[in-house]
Amino acid sequence: METSKRFNVRTSPCMRLAAVCVLLLMPAMVCAQDAADQQAADIDVPPLAPPSNVRIEIPPNNDGTQLKVFWNLSPDDRPGEPGHRVKEYRIERADAAIGEFASVGNPQPSTVMEFHDRKLPRGVSYVYRIIAVAEDGARSQPAMSDAAGVRPTIHLFDTRRAWFLPLTLLVCFWIVYFVYLARKGVQLKIRKIAGLEAVDEAVGRATEMGRPILFVPGIQDMNQIQTVAGITILAHIGRTAAEYDAKIEVPTSRSLVMTAARETLESAYLAAGRPDAYHDDMSYYVTDEQFGYVAYLTGYMVRQKPAACFYLGAFFAESLMLAETGNSIGAIQVAGTAEPAQLPFFVAACDYTLIGEEFFAASAYLSGEPEQLGTLKGQDAGKIIGAILLVIGCALATAASVTGSEQLAAATNYLRFNVLGSE
Amino acid sequence: MKRTIPLFIAAVAGYVMVIAIFVPRLTDWREDAELWFNILAAVAFVLGGASILGMHLKRVSDRRAGWGYSLVTLGAFLTTLIVGLLKVGVPPSPDHPTVAWSGAYETEGGVFKWIFDNSILPITATMFAMLAFYVASAAFRAFRAKNLEAGLLLGTAFIILLGRSYAGTMLTGWYADAYPRLTLPGLTDIIMGVFNTAGQRAIMIGIALGVVATSLKILLGIDRSYLGGRGS
């Protein structure tokens, strides 16, 4: 009882009325205070100064989809000095004819003074505006480029590839020249490639054992040159299999590759005089999913135990899984790919591996046609050009390092980035 | 005609691709050619689907060995196809909340997405994880010191394996300040940066020339075996 009395404060009606009034007015007072504070802040902090001198330039070697925007920094953009406020610049672009701006980027740090706008729709004139943005989110007035806008022009020739073009033409010339020589009947000597010599042996072994031949054309589509190279080798293997009456299976991870493989096998069986032995089920689609494809192939190998396995195409992480499974079932294995990272796996687990250029040479080698062999000799000419450039580069780099000469260093860099690169 | 038209299409598309590398004006053509390929590949999916159905239905009907697997494959294929096409469980797109089927088939909450997350992803991860065991068995066979070359390979692999792990730093860290290049990580860097890079580049040069020669053979029609023909 005493405790409750102690907290029982008696108040008069006037006091209660005053308290209610204060409570009712409090929100309005708070809002008024906020507004006053904001006004004070507005007075204290001047608006963010905009950047200036916005220019648009058309970059060289343009395909009509690129523009570069330059600007001068905002006066409030002074990193490391008092008064620095700019965090970044917001770049906005609009079709000059329509004028609806949309953000296209905000390069950081703030001291960046240019923006490379790529993948623009062609045939349109563009205007840009740049807005400085402060740490607290405050924005400057936009700085506009010329209102007429700039349309990216399409250049006729990519000058970055000025050296690449003659080098490519030179290699092509030598290839065509050797094809011409081969057509004229000149004998061309080609070294033996053990992996390709083993193809007939592998097919023969499968025939003797009465087991199937497995051909895997990689996991990429027909737009990849490695897949095309693999399919060209399939033509030879298919023909040999048809002649030996061996069973061949070509599971593919792409539908287009399946179609191409069927066409190739059909022609191969026809060329071998065994069109009756061909059927569409020799090549079939499994899945595009990389490891789903691997699961099917490894399962097939373990169940069917093919006597010969060919892995010729583009391979990635699945290379070792396939080759190791093939090794475990005792199949004779021939692999070929142009993926340098996968070559060690194939070398470790396969009987024969076609390394890089050997893989691309396989079709010509197996066909034995003089014209195709001519392309191999043409490649050799390309290697000589490459070797000459390599020796010049090594000599220049070594001389530049030993003498410290800036001219030699510049010459080395020119060779690296202009002749062999694309800068 | 069956060979000539595909050969003509391949040659035209190939030449456009090559020339567009040097002539920016032809970039549009190159992009169009790439687009056509994508359309072709998409249409070919129908052929792929038909191939799967035909092959596995035949296996089941013939009661061939392992026909049970084919049944599972058919069930999974048809379920995923129907669920994906009908967008079962897919909520409408926020942009068009009143329009049925407006959501993307892989949207969170849809059955297709659920199947992908709870079936495809773990199975794929399991397959990929098995790679470690394949690497171990391949390494065991490759690194047997049968002759001098195999011995060198074994020694190099030993340095790289140790140099790439913390053990390399632990074993040779005590003289790292005096001879940083002679530590296992230092030797690893030299092997990878000099010998390995040199070998890789030599292979790459050969590959590049091989690609040029193969492309030319196709563009000039010298090699038509990819179309089912023999040669020129």
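A quick note: this is a predicted structure, and the numbers were derived from the prediction, not measured. (Residues numbered from 1 in each chain as written. Chains lettered and ligands numbered in written order. Predicted model: local features only at pLDDT ≥ 70, side-chain atom pairs only at ≥ 80, totals over all residues.)

1. Things to note about the overall build of chain A
Each helix and strand counted, chain A has 12 helices and 13 strands in total. For chain A, the residues scored as buried account for 39% of the 423 residues in total. Nonlocal contacts in chain A, meaning residues at least 24 apart in sequence, comprise 68% of its contacts between residues at least 6 apart. (Helix = DSSP H or I, 4+ residues; strand = E, 2+ residues; numbered from the N terminus. Buried ≥ 20, exposed ≤ 12 C-beta atoms within 10 Å, placed from the backbone. Contact = placed C-beta atoms within 7 Å.)

2. Digging into the interface of chain A and chain B
Contacts between the two partners involve 65 residues from chain A and, on the opposite side, 53 residues from chain B. With 10 residues, helix H6 (residues 255-271) of chain A is the largest single contributor of residues to the side of chain A that touches chain B. The residue makeup of the side of chain A that touches chain B, split by class, is 34 nonpolar, 18 polar and 13 charged. (Nonpolar A, V, L, I, M, F, W, Y, C, P; charged D, E, K, R; others polar.)

3. What to know about the sheet that holds strand E9 (residues 248-252) of chain A
All names here are of chain A. Sheet architecture is open: 6 strands sit in the order E10-E9-E8-E11-E12-E13, paired in parallel fashion. The open sheet terminates on both sides in strands that have one partner only, identified here as strand E10 (283-285) and strand E13 (352-355). Direction aside, neighbouring strands of the sheet carry axes that sit 15 degrees apart on average. In the sheet, strand E12 (residues 332-337) pairs with E13 via 4 bridges, with the strands oriented parallel. By the bridge assignment for E13, threonine 337 is matched with isoleucine 355. (Pairing = 2+ DSSP bridges. Axes fitted to C-alpha atoms, helices over the stretch in contact; angles between N-to-C directions.)

4. Focus on unusual backbone geometry
Despite not being glycine, asparagine 53 of chain A shows a phi value in the positive range, around 50 degrees. Within the secondary structure, asparagine 53 of chain A is located in strand E1 (residues 52-57). One non-glycine residue, arginine 63 of chain B, lies in positive phi territory at about 50 degrees. Within the secondary structure layout, arginine 63 of chain B lies in the loop between helix H2 (27-62) and helix H3 (67-86).

5. Some words on the confidence of the model for chain A
Residue and element names in this part refer to chain A. Per-residue confidence for chain A averages 88 on the pLDDT scale, and 89% of its residues sit at or above 70. Confidence scores differ between elements of chain A, with helix H1 (residues 2-6) showing the lowest mean pLDDT of 43 and strand E8 (residues 213-218) the highest of 98. Predicted confidence for residues 1-9 stays below pLDDT 50, and this span has 0 contacts to residues more than four positions away or in other chains. (pLDDT = per-residue confidence, 0-100.)

6. Digging into helix H7 (residues 290-304) of chain A
The terminal C-alpha atoms of H7 of chain A lie 21 Å apart, and with 15 residues this matches the ideal 21 Å at 1.5 Å per residue to within 8%. On its buried face, H7 of chain A is in contact with E8, E9 and helix H8 (318-328) of chain A together with helix H4 (111-129) of chain B. Phi turns positive, to about 50 degrees, at lysine 305 of chain A, one or two residues after H7 of chain A. (Expected span 1.5 Å × (residues − 1).)

7. Quick look at the environment of valine 294 of chain A
Looking at where valine 294 of chain A falls in the secondary structure, it is placed in helix H7. With 62 residues separating them in the primary sequence, valine 294 of chain A and threonine 232 of chain A have C-alpha atoms 22 Å apart. Residues in contact with valine 294 of chain A, not counting those within four places in the same chain, are Glu318, Met321 and Leu322 of chain A together with Met127 of chain B.

8. Side note on the pairing of E8 of chain A
Residue and element names in this part refer to chain A. The element E8 is largely enclosed, with a buried count of 6 among its 6 residues. In this sheet, E9 lies alongside E8 in parallel orientation, the contact comprising 2 bridges. Its bridge partner lying in E9, isoleucine 213 is registered against isoleucine 248. Sheet analysis places E8 next to strand E11 (residues 308-314), joined by 5 bridges and oriented parallel. The residue bridging phenylalanine 215 from the neighbouring strand is phenylalanine 310, located in E11.

9. What to know about the nonpolar core
Residue and element names in this part refer to chain A. Membership of the largest hydrophobic core comes to 93 residues, with the highest contact counts inside it found for Val203, Ile213, Phe215, Ala308, Phe310, Tyr311 and Ala323. Broken down by element, this core gets its largest block of residues, 9 residues, from helix H5 (residues 225-244). Listed in part, the 18 residues of the second largest apolar core include Ile91, Tyr126, Tyr128 and Ile130. (Core = buried A, V, L, I, M, F, W, Y, C linked by C-beta atoms within 7 Å.)

10. Some thoughts on the confidence of the model for chain B
Per-residue pLDDT for chain B has a mean of 90; in total, 98% of the residues score no lower than 70. Predicted complex, confidence summary: ipTM 0.91, pTM 0.83.

11. Quick word on the pairing of strand E2 (residues 67-72) of chain A
All names here are of chain A. Going residue by residue along E2, you find Leu67, Val69 and Trp71 tucked away on one face and Lys68, Phe70 and Asn72 left uncovered on the opposite face. As judged from the 4 bridges shared by E1 and E2, these two strands associate in the antiparallel manner. By the bridge assignment, serine 52 is partnered in E2 with asparagine 72. Summarising the sheet, E2 and strand E5 (residues 114-117) pair through 4 bridges and their orientation is antiparallel. Opposite leucine 67, over in E5, you have aspartate 117 as the bridge partner.

12. Here we look at the environment of proline 217 of chain A
All names here are of chain A. Tracing the sequence through the fold places proline 217 in strand E8. C-alpha of proline 217 to C-alpha of alanine 314: the two residues are 97 residues apart in sequence and 7.4 Å apart in space. Leave out the neighbours within four places in its chain, and proline 217 touches Thr227, Gly230, Ile231, Leu234, Val250, Thr252, Val257, Ala261, Leu312 and Gly313.

13. A word on the environment of isoleucine 355 of chain A
Residues and elements named next belong to chain A. Looking at the secondary structure, you find isoleucine 355 in strand E13. Residue classification places isoleucine 355 among the buried positions, given that 20 C-beta atoms sit within 10 Å. When the C-alpha positions of isoleucine 355 and threonine 337 are compared, they lie 6.7 Å apart, and in sequence the two are 18 residues distant.

14. What to know about the sheet that holds E1 of chain A
Residue and element names in this part refer to chain A. Ordered by their spatial adjacency, 3 strands build an open sheet running E1-E2-E5, and the pairing between neighbours is antiparallel. Strands at the two margins of the open sheet, each flanked by one partner only, are E1 and E5. For this sheet, the mean inter-axis angle between neighbouring strands, taken without regard to orientation, is 15 degrees.

15. Here we look at the packing of helix H6 (residues 148-163) of chain B against helix H8 (residues 184-219) of chain B
Angle between the axes and distance between the axes are the two parameters that describe a pair of packed helices. Residue and element names in this part refer to chain B. Look at H6 against H8: their axes get within 8 Å of each other, and the N-to-C directions meet at 120 degrees. Considering their axes alone, H6 and H8 lie oblique with respect to each other. For the pair H6 and H8, the crossing hand works out as left-handed. Contact residues: Thr156, Ile159, Ile160, Leu162 and Gly163 in H6; Leu184, Pro185, Leu187, Thr188 and Ile191 in H8. (Parallel < 35°, antiparallel > 145°, perpendicular 65-115°, else oblique. Left-handed = near helix turned anticlockwise from the far one by under 90°.)

16. Some points on the packing of H8 of chain A against helix H5 (residues 131-142) of chain B
Two elements in contact, H8 of chain A and H5 of chain B, have axes whose closest approach is 9 Å; the angle formed by their N-to-C orientations is 55 degrees. In terms of their interaxial angle, H8 of chain A and H5 of chain B are classed as oblique. Here H8 of chain A runs over H5 of chain B; the crossing is left-handed. Contacts between H8 of chain A and H5 of chain B involve Leu320, Met321 and Glu324 of chain A on the former and, on the latter, Leu131, Tyr134, Val135, Ser137 and Ala138 of chain B.

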